[in-house]
Amino acid sequence: MKLINAKGVYYKQLNEMIRAEIRSGTKEIKVTNVVGQRYIGGGLEDGDVKIHIEGVPGEDLAAFMDGPTLNVRNNAQDGVGNTMNSGKIIVHGMAGDVIGYGMRGGKIYIRDDVGYRVGIHMKGYLDKVPVMVIGGRAGDFFGEYMAGGIVVLLGATTNNSKPIVGDYCAAGMHGGTIYIREEVEDRFLGKEVKKFSLEKKDEKLLTPILNEFLSDLDISLDIFDFSRYIKLIPVSSRPYGRMYVY
Amino acid sequence: MYYEEPGARESLGLRTPKHEDLFHSHPEYKVERDDAKCIRCLCCVRQCPYETTFYDPMRNVVYDVHSNCVNCKRCEVMCPTQAIEIKKWGCGFRENHHWKFRDYGAAYKQSDTGAVVLTGLGNDNPYMSYFDRMVLDASQVTNPSIDPLREPMELRTYIGRKMENLEDFGKESFQEYPNILAEVPIAFAPMSFGAISLNFQKGMAAAAQELGTFFNTGEGGLHEDLLPYKDNAIVQVASGRFGVSKRYLMNSAACEIKIGQGAKPGIGGHLPGEKVTAEISKTRMIPEGSDAISPAPQHDIYSIEDLRLLIYAIKEATEYTRPVSVKIAAVHNVAAIASGIVRAGADIIVVDGFRGGTGAAPKIIRDHVGIPLEVALAAVDERLRREKIRHMASIIATGGIRSSADVVKAIALGADVVYIGTAAMLSAGCTLCQQCHRGKCAWGITTNRPDLLARLPVEMAKERAINLVKGWSREVKEMLGLMGLNSIESLRGNRLKLRGVGLTKLELETLGIRQAGV
Ligand code: SF4
Ligand code: SF4
Ligand code: SF4
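Residues numbered from 1 in each chain as written. Chains lettered and ligands numbered in written order. Predicted model: local features only at pLDDT ≥ 70, side-chain atom pairs only at ≥ 80, totals over all residues. Heavy atoms only, no water.

K.L.:
So what exactly am I meant to see when it comes to the confidence of the model for chain B here?
P.N.:
Parts of the model with low pLDDT should not have their predicted coordinates read in detail. Model confidence for chain B is summarised by a mean pLDDT of 92, while 95% of its residues fall at 70 or above. Predicted complex, confidence summary: ipTM 0.93, pTM 0.94. (pLDDT = per-residue confidence, 0-100.)

Right, dumping it as structure tokens:
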């Protein structure tokens, strides 16, 4: 494992250092003293690369990433996994707004809460099914315009009195599935989705995902009571089909 | 039996008009067929994509449901005996300068459906054209003109951020920014596969390669067939992020963030599920048949700082090898917005005027939102110069460029390069029928129906686009020569070469040009 000390290094140089390591064949890198440097992992493509990040990485962590695994030993900021194609991001803490925007594949595991507009525009395509699991709670516009993939919101790691999701959850959603480990009142939901209880096939789908989430984050949570979960799926893949005349 | 008895019309094979047919009984166009010339070849029946023309074998007549005709001219052109003439229907309503067909026609449709009226192409309202109120200078006696046929004339230009200081050249502090070279100051406008046919897109891509210029993928991804042309591709990133990946960003000459579109500023795009065919699904990387929704805001961009974040996310992902462009619609505060965009790190800024085309937009928005390209362009160039940041970004002007004269005027107003969209479609046979949103383009341009698509072979689209740009380039050279200039770059922002005719003082000031005769 190669060590990179990010102390006092501007993001541009830091990312250049990381890319140079990868070009020279390094598969595992540990970046220490990270304080808000942006775009770490941005556009990296090697599926065997693992990057351990100590400290708080800056915005757009792993934007356009296609392969590597990022392990963040702290909180993350906005834009984690922006338009990511494949790979894995593990965040041992909270993350900010717009996590997984337009994500088409790969996995994002966040231990605690996330901000607004998380999982928006997520897409699934052929064998690509993006997966995001959030251990805590989420803000408004969760899963907005979601077009594919799987998002799981557990509300298990943060003991908070606020609702598990904010307003306009799944507004404009037209593909994919959202699982929430708590009943959500209809007033929080976009009119494009319907609420269901879980079936056997959902449990079969979720069990390995949740196990991986727990083992990657190295925590144990009592989250396997599937009767507590709800599932949101869109009523139509064409939510706005009848709005226009020629 | 009297004609008006119940059932009588039906028994005679006639339709009983209903009140709701009001609109449909007032067609816009009439398909007039000279029966003496018609040889019943039925070509027109097969060619019309809009269910206008039918054949009745019992009576051996070709007849038309005139209200369906959109005047796309396909049948007129294809009829082997020139028996068809499309005419305006009747005298229209009683003359009325306030209520035009565009108003009452839409109101009828909406009364039928309660829906938003969609349309294609660009704003066709009779707003004044500033292009038409500007004339070009020519050299006489004191400053000799140049003969482009016998003297070198340079149309090439570099697109991207330029260096800070010429003196720094070669020094360590000198920073080089990626630039892309256009051999002609004309590139093809963003048009996405889905909105346009793959054949047309391939044609433009191949034409761009041969001409040494660029085509723009639009926001619908890069089809694998276009990979041979990737060095001439400007790839777009819009709010839906269709087909966007690291590889996509690298399969390009430049990357473009789409914020707005001149035809529909402030609103998003929406490719309806029925148009998401297998090929389009592959290119956009979304399942077949699902809606492709790209809302107006990119939900990670709420400020100039957020825009900077995305610009640099792209620069990082491409390791600073691609210029990053930001495309906005021309709106009221365009100059201030442009300044922010340049400061956010954009290497190219695209200003799309309100005449710009679209594959589909609500008609009310296409016709009433945004400002003319000419004033927006002048304002942006002026502002960037005043703030001494003009060198930090190239300006691409688009939205309503109709001829080489418009190209020259746009460059004199401050553009580096222009994008042509509608003009490129014209080269492929577009008849400006404004039905692009229906996906049935009779000329194979804005459709993906295999039978219609086949009407536009790639080679033909390519050759004709090349010819158009070559023709325009020759004219641009002539115009440069007569102004005494020998390179397109010395025309850029050279507003002394323009004069206004019939403009107010304020308009002249806004355009930064002088009155003719002064
Ligand atoms: S194409 Fe011309 S000749 Fe042929 S059926 Fe139509 S009108 Fe008659
Ligand atoms: S082909 Fe076009 S012009 Fe001819 S009838 Fe059909 S819609 Fe009208
Ligand atoms: S592209 Fe086709 S549908 Fe659109 S205006 Fe031109 S001819 Fe009509």
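After that view of the structure, there is still more to cover.
K.L.:
How should the interface of chain B and chain A be read in this particular structure?
P.N.:
By a frequent convention, interface size equals the accessible area lost on bringing the separate parts together. On the chain A side, the residues contacting the 47 residues of chain B number 39 residues. For the pair chain B and chain A, the two sides together bury roughly 3900 Å², of which 57% comes from carbon and sulfur. For the chain B face of the interface with chain A, the top three residues by lost area are B:His299, B:Leu309 and B:Glu316, together amounting to 17%. Counting across the chain B and chain A interface gives 4 salt bridges. Joining chain B to chain A, the criterion identifies 16 residue pairs in polar contact (both at pLDDT 80 or more). (Contact = heavy atoms within 4.5 Å. Buried area = accessible area lost by both parts, 1.4 Å probe. Salt bridge = Lys/Arg side-chain N within 4 Å of Asp/Glu carboxyl O. Polar contact = N/O pair within 3.5 Å; in protein donor to acceptor, adjacent residues only side chain to side chain.)

K.L.:
Help me understand the site of ligand 1, please; the structure alone is not making it clear to me.
P.N.:
Surveying the vicinity of ligand 1 reveals the residues B:Arg33, B:Cys38, B:Ile39, B:Arg40, B:Cys41, B:Leu42, B:Cys43, B:Cys44, B:Cys79, B:Pro80, B:Thr81 and B:Ile84. For the shell around ligand 1, the class distribution of residues is 9 nonpolar, 1 polar and 2 charged. (Near = heavy atom within 4 Å. Nonpolar A, V, L, I, M, F, W, Y, C, P; charged D, E, K, R; others polar.)

K.L.:
What am I meant to see in the environment of A:Asp60 here?
P.N.:
Topologically, A:Asp60 is positioned in the loop between β3 (50–56) and β4 (66–72). On the basis of relative accessible area, A:Asp60 is assigned to the buried category, the value being 3%. (Helix = DSSP H or I, 4+ residues; strand = E, 2+ residues; numbered from the N terminus. Buried < 20%, exposed > 50% of the residue type's maximum accessible area, 1.4 Å probe, protein only.)

K.L.:
Please clarify how the sheet that holds strand β10 (residues 215–216) of chain B should be interpreted in this entry.
P.N.:
Each strand in a sheet pairs with another by means of backbone hydrogen bonds, the pair being arranged parallel or else antiparallel. Residue and element names in this part refer to chain B. The strand order across the open sheet built from 8 strands is β9-β19-β18-β16-β15-β12-β11-β10, with neighbouring strands paired in parallel fashion. Each edge of the open sheet carries a strand with a single partner, namely β9 (186–188) and β10. Both strand β11 (residues 233–237) and strand β12 (residues 254–258) contribute to a ladder of 4 bridges, which runs parallel. Bridge pairing links valine 237 to isoleucine 257 in β12. (Pairing = 2+ DSSP bridges.)

K.L.:
What exactly am I supposed to notice about the site of ligand 2 here?
P.N.:
Around ligand 2, 13 residues are found, and the nearest of them are B:Cys48, B:Cys69, B:Cys72, B:Lys73 and B:Cys75. Here the residues of the shell around ligand 2 sort into 8 nonpolar, 3 polar and 2 charged.

K.L.:
Sorry, what's going on with the pattern of salt bridges here?
P.N.:
Two side chains bearing opposite charge may form a pair once their charged atoms approach each other closely. According to the stated counting rule, one finds 57 salt bridges over all chains in the structure shown. Close ionic contact of A:Asp216 with A:Lys88 constitutes a salt bridge, the shortest N to O distance being 2.4 Å. Of this pair, A:Asp216 sits in helix α2 (residues 200–217) while A:Lys88 sits in strand β5 (residues 86–91), placing them 128 residues apart in sequence. The salt bridge involving B:Arg385 is made with B:Asp381; its shortest N-O contact spans 2.8 Å. Here B:Asp381 and B:Arg385 lie together in helix α11 (residues 373–386), a separation of 4 residues that amounts to about one turn. Residue classification places B:Asp381 among the buried positions, given a relative accessible area of 0%. Through salt bridges with shared partners, one network takes in B:Asp381, B:Arg385, B:Arg390, B:Asp416, B:Glu489, B:Arg492 and B:Arg495.

K.L.:
Just to check I follow, could you spell out unusual backbone geometry for this structure?
P.N.:
One non-glycine residue, A:His121, lies in positive phi territory at about 60°. In this structure A:His121 comes out as buried when scored by relative accessible area, which is 1%. In this structure, B:Arg40 takes a positive phi of about 55° despite not being glycine. Examined against the element boundaries, B:Arg40 turns out to sit in the loop between β1 (29–33) and α2 (43–47).

K.L.:
Help me understand empty space enclosed by the protein in this model?
P.N.:
Any space left empty among the atoms is revealed by the rolling of a water-sized probe across them. All names here are of chain B. Considering all chains together, one arrives at 6 cavities of 30 Å³ or more under this definition. Reported here for the largest cavity is a volume of approximately 110 Å³. Lining the largest cavity are 16 residues, with Lys258, Ile259, Ile267, Pro295 and Ala296 positioned closest to its centre. In terms of residue class, the lining of the largest cavity is built from 5 nonpolar, 8 polar and 3 charged. (1 Å grid on protein atoms, 1.4 Å probe; cavity = no way out; pocket = protein on both sides within 12 Å on 5 of 7 lines; lining within 4 Å. Points joined across faces, edges and corners; volume = space filled by probe spheres on them.)

K.L.:
I would appreciate a short explanation of the nonpolar core in the present structure.
P.N.:
Nonpolar side chains tend toward joint burial in soluble globular proteins. Ranked by size, the top nonpolar core spans 112 residues in total, and within it B:Phe188, B:Phe200 and B:Ile420 carry the most contacts. Taken domain by domain, this core gets at least three of its residues from each of domain 1 (27–116) and domain 2 (131–492) of chain B. Setting aside residues up to four positions removed in sequence, B:Phe188 forms contacts with B:Met204, B:Ala207, B:Ala208, B:Leu211, B:Phe214, B:Phe215, B:Asn216, B:Tyr419, B:Ile420, B:Ala424, B:Ala465 and B:Val469. Ranked by size, the runner-up nonpolar core spans 52 residues in total, among them A:Ile51, A:Ile53, A:Val72 and A:Ile164. (Core = buried A, V, L, I, M, F, W, Y, C linked by side-chain atoms within 4.5 Å. Domains from an automatic or database assignment.)

K.L.:
Looking at this structure, I do not really get the side chain of B:Ser129. What am I missing?
P.N.:
Residue and element names in this part refer to chain B. Summarising the element assignment, serine 129 is placed in the loop between β5 (116–119) and β6 (134–136). Assessed through its relative accessible area of 18%, serine 129 is described here as buried. Only 3.3 Å separates the side chain of serine 129 from the backbone nitrogen of phenylalanine 131, close enough to count as a polar contact. Separated by 3.2 Å, the side chain of serine 129 and the backbone nitrogen of aspartate 132 make a polar contact. When neighbours within four sequence positions are excluded, serine 129 is seen to be in contact with Glu374 and Arg402.

K.L.:
What is the right way to look at the environment of B:Met483 in this model?
P.N.:
Structurally, B:Met483 is set in the loop between α15 (458–482) and β20 (498–500). Taking the C-alpha atoms as reference points, B:Met483 and B:Asp137, 346 residues apart in sequence, are found 6.0 Å from one another.

K.L.:
Any chance you could explain a nonpolar patch on the surface here in plain terms?
P.N.:
All names here are of chain B. The grouping of Phe54, Tyr63 and Val65 at the surface amounts to a nonpolar patch, some 230 Å² of accessible area in total. Assignment of secondary structure puts phenylalanine 54 in strand β2 (residues 53–56). Residue class for phenylalanine 54 comes out partly exposed when judged on its relative accessible area of 31%. (Patch = residues over 30% accessible without salt bridge, like charges linked within 9 Å, V, L, I, M, F, W, Y side chains within 5 Å. Areas by Shrake-Rupley, 256 points an atom, 1.4 Å probe, with all protein chains shown as cover.)

K.L.:
I tried to follow the domain arrangement of chain B on my own but got confused; where do I start?
P.N.:
Residue and element names in this part refer to chain B. When cut into domains, chain B gives domain 1 (27–116) and domain 2 (131–492). Counting from both sides, the interface comprises 13 residues of domain 1 and, opposite them, 14 residues of domain 2. Summed over both sides, the interface between domain 1 and domain 2 buries roughly 1100 Å², with carbon and sulfur atoms accounting for 58% of that surface. For the domain 1 face of the interface with domain 2, the top three residues by lost area are Pro49, Tyr50 and Arg74, together amounting to 47%. Where domain 1 touches domain 2, the interface holds 1 salt bridge.

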